[in-house]
Amino acid sequence: MTAAPVLEKLNLSAANTAFIKRASKLLINGEWVHSASGKTFPTYNPATGEVITRCAEGDKEDIKRAVAAAREAFEKGPWKTMTAAERGRIIWKIGDLMLEHIDDLAELEALDNGKTRSVARHVDLPLALDAFHYMAGWATKICGQTFPISVPYVPGGNFHAFSLREPVGVVGQIIPWNFPLLMAAWKLGPALAAGCTVVLKPAEQTPLTALRLGELMIEAGVPPGVVNIVTGYGETAGASLAAHDDVDKVAFTGSTEVGKLIVQAAAGNLKKVSLELGGKSPNVIFKDAPDLAGAITGAANAVFFNHGQCCVAGTRLYAEKSVFDQVVDGISEQAQKIKLGFGLDPDTDMGPLVSEEQLARVTGYLDAGRRDGVEFVTGGKRFGDRGYFVEPTVMTKTKNTMSVVQEEIFGPVLVAQPFSDEEELINMANDTTYGLAAAVWTKDISRAHRIAKAYRAGTVWVNCYNIFDSALPFGGYKQSGWGREMSGEALELYTESKAVIVAL
Ligand code: NAI
Ligand code: MG
């Protein structure tokens, strides 16, 4: 294969080099198969733009085969008849196998996505495998309820009424590239715990770790057809999955724009929909932050972590007027110290954006800011001329109406505005179509609670940022999505409630 010389240069683990050479098939009904069309597509190393390898380009026909396999496995396979405890043990084993291969998975994730090996190893992987371990425990704890019914029109009636929580059925899951394995884990964990079967469509930019996870799931004992993985493009494979009439539910993480297309595609058979979409999260620093230096580091991390390619990125900074300059200068200083480079180089702090398309999108926003007259305190352009790097950027002198303040940029780009009044601040912070996350840094406990309550967002951090846990529900208000991932709440998206009434 043409990718071989590139692979040798990358100096990957022997296991990853071997895996990449076999990563050109789809997982359908427990078997690795070529796409029906025989077509493949490239996945790139975003640090250089070189092709790592080519994966199978799944399309409508492959989605059809995968959905048929998932339906068969749901209706007839051992998955349906095995006990919840057996299901839980398999899900737990997936987490264990990820732990066993954690370094290889982290390397593969860093290579395909561009993030640093350290972030993949110490953030993505621990969270992703924990999502399986956490959901393994839920398999045996999905319960209905009993109801003391009165039935006013049946005098003297005597009934035993209860509800069953049953798996929703065949689920289509469409995931993005910013945390590829973690997004797969957030979606697969609850689906499997609930007893659903799945067709997973990874992002075309980052197909590799999902395919490796597919191998580990087979090793863990996931029966054929329970999880099918169809790599391919969104407009073809993704759109066919969202529209398929035999899919009972579709779960999507990605852009708000595509989220709306998913809703339309789902209307055909009224499949259930859950969406985790974009964000433009406000991060507010009061002058009484418990530790202003810590808040500055926290704010830098909030926007620059994972190169700003986070749906929860703290991209709108509001700092109280009297500390505004200090905060902006502090964040800018930290931005200038960030060393950009190949994610697998040990001294790299920040890697490239994921793709040429994202580079164009993010630099397009920088140009828009420039045209609108913002001031760049630091950064503001592409870094280097190879790979998809963007300078960590801080902008001031912005207005709420500008696209850089209103739209999700998904790069290491911060817009900063001063405030002096709490009420005005809340209005500015909530002045967005998004509502995924928000943060506030203050010592004043009443103010912290007041603001946490006032935010229209699914997650609020107080004196911290980017704290996630499998036990916490995660999702968005407004156009940031429908439904919640993780925690027991995620199971509601993968189950139906059936009321049963027995006349006694
Ligand atoms: P996207 O929303 O197009 O892609 C996400 C997933 O949806 C991928 O698997 C893609 O193949 C699939 N997809 C694309 N079009 C589809 C369609 N018509 N039907 C079904 N599936 C489809 O996101 P993209 O283009 O990669 O990034 C664009 C912007 O989206 C980013 O700049 C960022 O603002 C936002 N985004 C947000 C994410 C989040 O975590 N909320 C993750 C990725 C992107
Ligand atoms: Mg797209």
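Residues numbered from 1 in each chain as written. Chains lettered and ligands numbered in written order. Predicted model: local features only at pLDDT ≥ 70, side-chain atom pairs only at ≥ 80, totals over all residues. Heavy atoms only, no water.

**Regarding unusual backbone geometry**
Working step 1: Positive phi, close to 55°, is recorded for Lys397, a residue that is not glycine.
Working step 2: As for its position among the elements, Lys397 is in the loop between strand E15 (393-396) and helix H15 (403-406).
Working step 3: On the basis of relative accessibility, which here comes to 57%, the residue Lys397 falls in the exposed class.
Working step 4: Of note in the backbone geometry, Asn466 takes a positive phi value of approximately 55° without being a glycine.
Working step 5: The residue Asn466 is located in the loop between strand E18 (459-462) and strand E19 (474-475) in this model.
Working step 6: The exposure class assigned to Asn466 is buried, which follows from its relative accessible area of 16%. (Helix = DSSP H or I, 4+ residues; strand = E, 2+ residues; numbered from the N terminus. Buried < 20%, exposed > 50% of the residue type's maximum accessible area, 1.4 Å probe, protein only.)

**Remarks on the pairing of strand E13 (residues 316-320)**
Working step 1: Within E13, five of the five residues are buried, which leaves the element mostly enclosed by the surrounding structure.
Working step 2: Residues Arg316, Tyr318 and Glu320 point to one face of E13 and Leu317 and Ala319 to the other, with burial holding for every one of them.
Working step 3: Here four bridges tie strand E12 (residues 282-285) to E13, and the two strands are oriented parallel to one another. From the neighbouring strand, Pro282 faces E13, where its bridge partner is Arg316.
Working step 4: Chirality of the crossover, the property in question, places the unit of E12, helix H12 (residues 292-304) and E13 among those that are right-handed.
Working step 5: The sheet contact formed by E13 and strand E16 (residues 413-419) spans five bridges and is parallel. Bridge pairing in E16 links Glu320 to Phe419. (Pairing = 2+ DSSP bridges. Right-handed = clockwise from strand over helix to strand, strands pointing away.)

**With respect to the site of ligand 1**
Working step 1: Residues in close proximity to ligand 1 total 28 residues, the closest being Trp177, Lys201, Glu204, Ser255 and Glu408.
Working step 2: A distance of 3.4 Å separates a nitrogen atom of ligand 1 from a polar atom in the backbone of Ala239.
Working step 3: At a separation of 3.3 Å, a nitrogen atom of ligand 1 approaches a polar backbone atom of Gly254.
Working step 4: Its free accessible area being 800 Å², ligand 1 has 93% of it covered by the protein chains.
Working step 5: More than half of the atoms belonging to ligand 1 lie within 2 Å of the grid points that define the largest pocket.
Working step 6: Among the elements of the structure, helix H10 (234-243), strand E10 (249-253), helix H11 (256-266) and helix H14 (356-372) are those that each provide at least two residues to the shell around ligand 1.
Working step 7: Partitioned by chemical class, the residues of the shell around ligand 1 number 14 nonpolar, nine polar and five charged. (Near = heavy atom within 4 Å. Polar contact = N/O pair within 3.5 Å; in protein donor to acceptor, adjacent residues only side chain to side chain. Areas by Shrake-Rupley, 256 points an atom, 1.4 Å probe, with all protein chains shown as cover. 1 Å grid on protein atoms, 1.4 Å probe; cavity = no way out; pocket = protein on both sides within 12 Å on 5 of 7 lines; lining within 4 Å. Sits in = over half its atoms within 2 Å of the grid points. Nonpolar A, V, L, I, M, F, W, Y, C, P; charged D, E, K, R; others polar.)

**Observations concerning the side chain of Ser487**
Working step 1: Here Ser487 lies in the loop between strand E21 (484-485) and helix H18 (489-492).
Working step 2: Among all residues touching Ser487, those that are not within four sequence positions of it are Tyr134, Met135, Trp138, Ser470, Ala471, Leu472 and Pro473. (Contact = heavy atoms within 4.5 Å.)

**Quick notes on the packing of aromatic side chains**
Working step 1: Enumeration over the complete set of coordinates arrives at ten aromatic pairs.
Working step 2: Ring centres of Phe179 and Phe305 lie 6.2 Å apart, and the angle between their planes is 25°; on these two criteria the pair is classed as stacked. Here Phe179 is found in the loop between strand E7 (170-174) and helix H8 (180-194), whereas its partner Phe305 is found in the loop between H12 and E13, with 126 residues between them in sequence. You'll find Phe179 and Phe305 in the same group, each marked buried.
Working step 3: An angle of 50° between the planes, with centres 6.2 Å apart, marks the rings of Trp186 and Phe468 as tilted. Linking Trp186 in helix H8 with Phe468 in the loop between E18 and E19, this pair joins segments that are 282 residues apart in sequence.
Working step 4: Of the residues examined, Phe468 reaches a relative accessible area of 22% and is grouped as partly exposed. (Phe/Tyr/Trp six-rings, centres within 6.5 Å; stacked < 30°, edge-to-face > 60°.)

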